[in-house]
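# Structural characterization, general
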Amino acid sequence: MATLLASSSYAFVAPAHAADDSEIIVTATGISQNIEETGTSISVVSEEDILDQQSISLAEILQELPGVNVTRSGGLGAQASVRIRGAESDQTLVLINGIRVNDPSTPDGSFDFGNLVAGNIERVEVLRGANGVSWGSQAVGGVVNVITKRPTDDLRLFAQGEYGARDTIRLVSNASGKLGPVGLSIGGGYVRTDGISAFSGGTERDGYRQYSASGQLQVDLTDTIRFEASGFYADSRVDNDAVFPPFSSDSSQFSLSKEFYGNAAIQAEAFDGRFQNRFAYSLSDINRDIISPFFTSLPRGRSERFEYRGDFAVVDQLRLIFGTELENSRYENAGVTDSTGIDSLFFQAIFQPVEGLTMTGGVRHDEHDDFGGNTSLAGNIAYRIGENGPTIRASYAEGFRAPSLIDLDDRPFGFGTPDLLPETAKTYEIAIDQPLIDNAVQISLALFQRDTRNQIAFAACPVAPDPAPAVCSNGGRPFGTTLNIERNRTTGVEAILSITPVEQFRIDANYTLLDTQNRSTGANFGNELARRPASSLYINASYQTGFGLNLSADMQMVGDSFDDLANNRRLDGYILSGLRADMPLTDNFELFGRIDNLFDVTYETASDFGSPGRSAYVGARARF
């Protein structure tokens, strides 16, 4: 299996279900588009995939996708960072219902996936590679687009509950429907667990609790004008430890967070639907309280965004996408407030000169309040040769990310460096997809490379054996500092295989080979970038019995990596296995259960942070 995977891949298949010819995605260009018409690599995770996997955290599902690596600082609810194709976590742009949710009050401006529970989510699209033209700043490594449950034409009700290891409870509910011109979907969730020790050598448990709610509203004002709004709210508490190698220890520290993401939009069409217009306002507001015996920190982050996006089908063969965006973000902590903004213009064209060939190109200009202008280019092609022949894809894209507000904050005992430079990246990709045996087998191979300049990274100051940056010598950086890595390069291979020998039995697998290099002159030249495993393999097999019982087994193999820029702290690779089952009792009611980390493997995704051992869960869900 591993030998076959090394020479094959399927670049856009979902974890458990292959995308068919009608699969529609929005992440490639910001508008609805057939997935077969884009030259970029995109994975689609459907609601059924999420239910089949049974995972509580969305980060656990993302970890199973090609090119995606997750670092977690403890158990359920602990901070989780998602890296795509070896890019840093702050180079992953995260959207919830189209709202940019990266947190300006975190040290790097990244999004914490630890609080994103996989309930009431209808769909997730993951674009692998830079997409600065469509999505602007931070879309350097990739884009994760989360879509919560939308209104349905008929009344639908959903409820789920489960219980398991470490006194873990999860409840999820949702109701959706439409009455006349008004469609509404609203849902809620609750999760709690006693947890594990966030410090891998600790003895006390660090628990987690979250209340959440989400909703979407659609109102057809006329035949051609629709009002849309969505909201997402989460209130969370997670216990932490003082983890800072080699001085890590148990701690009574805990964090509280309240997150709200909302938007409102007018969607209007003209020229018999050939000209689509969207005017939108979105808000991201995150309040966190970090409380320990030694300090209290109250970071507040807020982003507001105004945008217009036009989609004009000039003729059947030519489609134009264009728009403008105005974004303002700010943070506050310890009486210090800072803010910045970025204004953008973009233009894209999708051209289909002959059947089976789609060419996409675009340009974007970002004007940052603090760092001036940056222009990004992108282009890709997708060419399907014949009815059952291979599809060839190729793409080039550029990305841009300005330093976050906290990256630049040089207050005493902080982390920032005021003279940081913006990050820029160029990515290249070529892929081939091939269906075989009447689509019973799907294989593909994707090769990619990303060259990044001035990537912002964190370096520890006083902790041997890391080489200390010069800024550490004055004593004003007791915990570490941000700095630019002048140059780095990432090359890799993604391979995905899907086999359906009979209707009831399916095997899905993907393999990622990754080579990351620090190419800056100095002590770390040639070193691997931190927390980027050189290889990862995921295999899932599922079987549906004749009487309705569904059985699944999966295995995840993650290779070695390093936890620091100096490559002195090694993170050993690991193999995890799991079992899942679900049994429909009626058309509306089913039971399910799973065992994670079947062989009770001890492993770390970051030095001194613990990970859950063998865990069993059972639950039930109802749909009407």
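Our structure is the block above this text.
Residues numbered from 1 in each chain as written. Predicted model: local features only at pLDDT ≥ 70, side-chain atom pairs only at ≥ 80, totals over all residues. Heavy atoms only, no water.

### Concerning the overall build of the chain
Using the following cut-off: In DSSP terms, a helix is any run of H or I states spanning at least four residues, a strand is any run of E spanning at least two, and both are numbered starting from the N terminus. The size measure is the radius of gyration over C-alpha atoms, and the globule rule it meets is 2.2 Å times the number of residues to the 0.38 power. The contact rule is simple, with two residues in contact once any of their heavy atoms fall within 4.5 Å. All accessible areas in this document rest on Shrake-Rupley with a 1.4 Å probe, and a residue is counted as covered only by the protein chains that are shown. The charged-residue count follows a simple rule in which Lys and Arg add positive charge and Asp and Glu add negative charge, with His and chain termini not counted at all. Every charge is mapped to an atom, namely NZ of Lys, CZ of Arg, CG of Asp or CD of Glu.
Counting secondary structure elements, the chain contains four helices and 34 strands. Scaling as 2.2 N^0.38, a compact globule of 624 residues should have a C-alpha radius of gyration of about 25 Å, and the chain matches this with 23 Å. Over its C-alpha atoms, taken along the principal directions, the chain stretches across nearly 65 × 55 × 50 Å. Summarising the internal contacts of the chain: among those between residues at least 6 apart in sequence, 62% fall at separations of at least 24. Carbon and sulfur atoms make up 58% of the accessible area of the chain, which amounts to about 25,300 Å² in all. Of the side-chain charges in the chain, 49 are positive and 81 negative, and the distance between the mean point of each set is 1 Å.

### So, the pattern of salt bridges
Threshold: Salt bridge, as used here, is a side-chain nitrogen of Lys or Arg placed within 4 Å of a carboxyl oxygen of Asp or Glu.
For the structure on display, the rule yields 43 salt bridges. The partner of Arg570 in a salt bridge is Asp560, and the shortest N-O contact between them spans 3.4 Å. With Arg570 in strand 31 (residues 570–571) and Asp560 in the loop between strand 29 (550–558) and strand 30 (561–562), the pair connects residues that are 10 residues apart, well separated along the chain. Through salt bridges with shared partners, one network takes in Arg100, Arg305, Arg309, Glu325, Glu327, Arg364 and Asp366.

### Overview of the nonpolar core
For the record, the criterion: Residue types Ala, Val, Leu, Ile, Met, Phe, Trp, Tyr and Cys, when buried and joined through side-chain atoms within 4.5 Å, form a set referred to as a nonpolar core. For each residue, the accessible area found with a 1.4 Å probe, counting protein chains only, is set against the maximum for its type, and the residue is called buried under 20%, exposed over 50%, and partly exposed in between.
Judged by nonpolar contacts, the single largest core of 29 residues is most densely connected at Leu58, Leu62, Phe113 and Val124. Mapped onto this core, the elements with two or more residues apiece are helix 3 (58–62), strand 4 (68–72), strand 5 (80–84), strand 6 (92–96), strand 8 (121–128), strand 9 (142–148) and strand 14 (225–239). Ranked by residue count, the leading element in this core is helix 3, at four residues. Once residues lying within four places of it in the same chain are set aside, the contact partners of Leu58 are Leu116, Val117, Ala118, Ile121, Val124 and Val146. Judged by nonpolar contacts, the second largest core, of 11 residues, contains Ala28, Ile35, Leu127 and Val143.

### Regarding the sheet that holds strand 7 (residues 99–100)
Sheet strands pair via backbone hydrogen bonds, and the direction of the pair is either parallel or antiparallel. Rules: Two strands are counted as paired when DSSP detects at least two bridges linking them.
Ordered in space as 3-8-9-6-7, the five strands form an open sheet in which the pairing is mixed. If you trace the sheet from one side to the other, it starts and ends with strand 3 (41–46) and strand 7, each paired once. Bridging between strand 6 and strand 7 involves two bridges; their strand directions are antiparallel. When the sheet's bridge partners are listed, Ile96 is paired in strand 7 with Ile99.

### Section: the packing of aromatic side chains
For the record, the criterion: Two rings belonging to Phe, Tyr or Trp (six-membered ring only in the last case) form a pair when the distance between their centres is within 6.5 Å. Interplanar angles under 30 degrees mark stacking, angles over 60 mark edge-to-face geometry, and anything in between is tilted. Lysine NZ or arginine CZ positioned within 6 Å of the ring centre and within 35 degrees of the ring normal marks a charge as sitting over the ring.
For the structure on display, the rule yields 12 aromatic pairs. Ring geometry for Phe232 and Tyr261: centres 6.0 Å apart, planes at 20°, overall stacked. Placement of the pair is Phe232 in strand 14 and Tyr261 in strand 15 (residues 254–270), with a sequence separation of 29 residues. On the basis of relative accessibility, which here comes to 9%, the residue Phe232 falls in the buried class. Its relative accessible area of 1% is what places Tyr261 among the buried residues. Note on Phe275 and Phe322: the rings are 6.2 Å apart at their centroids and 45° apart in plane angle, and the pair reads as tilted. Here Phe322 lies in strand 19 (residues 318–333) and Phe275 lies in strand 16 (residues 275–291), a separation of 47 residues in the sequence. Among the residues examined, Phe275 registers a relative accessible area of 19% and is labelled buried. Among the aromatic residues, those joined into a cluster by ring pairs are Phe271, Phe275, Phe279, Tyr308, Phe312 and Phe322. Between Arg621 and the ring centre of Phe592, over which it is positioned, the NZ or CZ distance is 4.3 Å.

### A word on a positive patch on the surface
Stated formally: What goes into a patch is any residue over 30% in relative accessible area without a salt bridge, connected to like charges within 9 Å or, for nonpolar side chains (Val, Leu, Ile, Met, Phe, Trp, Tyr), within 5 Å.
Residues Lys426, Arg453, Arg487 and Arg519 make up a contiguous surface patch of positive charge. Within the fold, Lys426 resides in strand 24 (residues 423–436).

### What to know about the environment of Val124
One can find Val124 in strand 8. Residue classification places Val124 among the buried residues on the basis of a relative accessible area of 0%. With 78 residues separating them in the primary sequence, Val124 and Ser46 have C-alpha atoms 6.6 Å apart. The contacts of Val124, once residues within four sequence positions are left out, are Ser43, Val44, Val45, Leu58, Leu62, Val144, Asn145 and Val146.

### Section: the side chain of Glu429
How we decide: For the purposes of these results, a polar contact is taken to be a pair of N or O atoms within 3.5 Å, where, inside protein, one atom must be able to donate a hydrogen and its partner to accept one; residues adjacent in sequence count only when each atom of the pair is a side-chain atom.
Residue position: Glu429 is located in strand 24. For Glu429, the side chain forms a polar contact with the side chain of Ser41, separated by 2.3 Å. Once you skip the residues sitting within four places of it in the chain, Glu429 turns out to touch Ser41, Arg85, Arg128, Arg393, Ala394, Ser395, Ala446, Leu447 and Phe448.

### Overview of the pairing of strand 27 (residues 505–518)
Here 13 bridges tie strand 26 (residues 481–502) to strand 27, and the two strands are oriented antiparallel to one another. Note on strand 27: the bridge partner recorded for Val493 is Leu513. The turn joining strand 26 and strand 27, which pair antiparallel and follow one another in sequence, is formed by two residues. As defined by bridge partners, strand 27 adjoins strand 28 (residues 535–544) across nine bridges and the pair is classed as antiparallel. Across the sheet, Asp508 pairs through a bridge with Asn540, a residue of strand 28.

### Digging into a nonpolar patch on the surface
A cluster of nonpolar side chains, Tyr383, Ile385, Ile392 and Ile432, forms an exposed patch at the surface whose accessible area comes to about 300 Å². For Tyr383, the location among the structural elements is in strand 22 (residues 372–384).

### Concerning the environment of Ile385
Looking at where Ile385 falls in the secondary structure, it is placed in the loop between strand 22 and strand 23 (391–401). Note on Ile385: relative accessible area 37%, which makes it partly exposed. The spatial distance from the C-alpha of Ile385 to the C-alpha of Leu571 is 44 Å, given a sequence separation of 186 residues. Those residues in contact with Ile385 that lie beyond four places of it in its chain are Pro390 and Ile392.

### Describing the side chain of Asp285
Along the chain, the position of Asp285 falls in strand 16. Asp285 gets classed as buried once you look at its relative accessible area, which sits at 17%. A polar contact is formed between the side chain of Asp285 and the side chain of Arg302, at a distance of 3.1 Å. When neighbours within four sequence positions are excluded, Asp285 is seen to be in contact with Lys258, Glu259, Phe260, Tyr261, Gly301 and Arg302.

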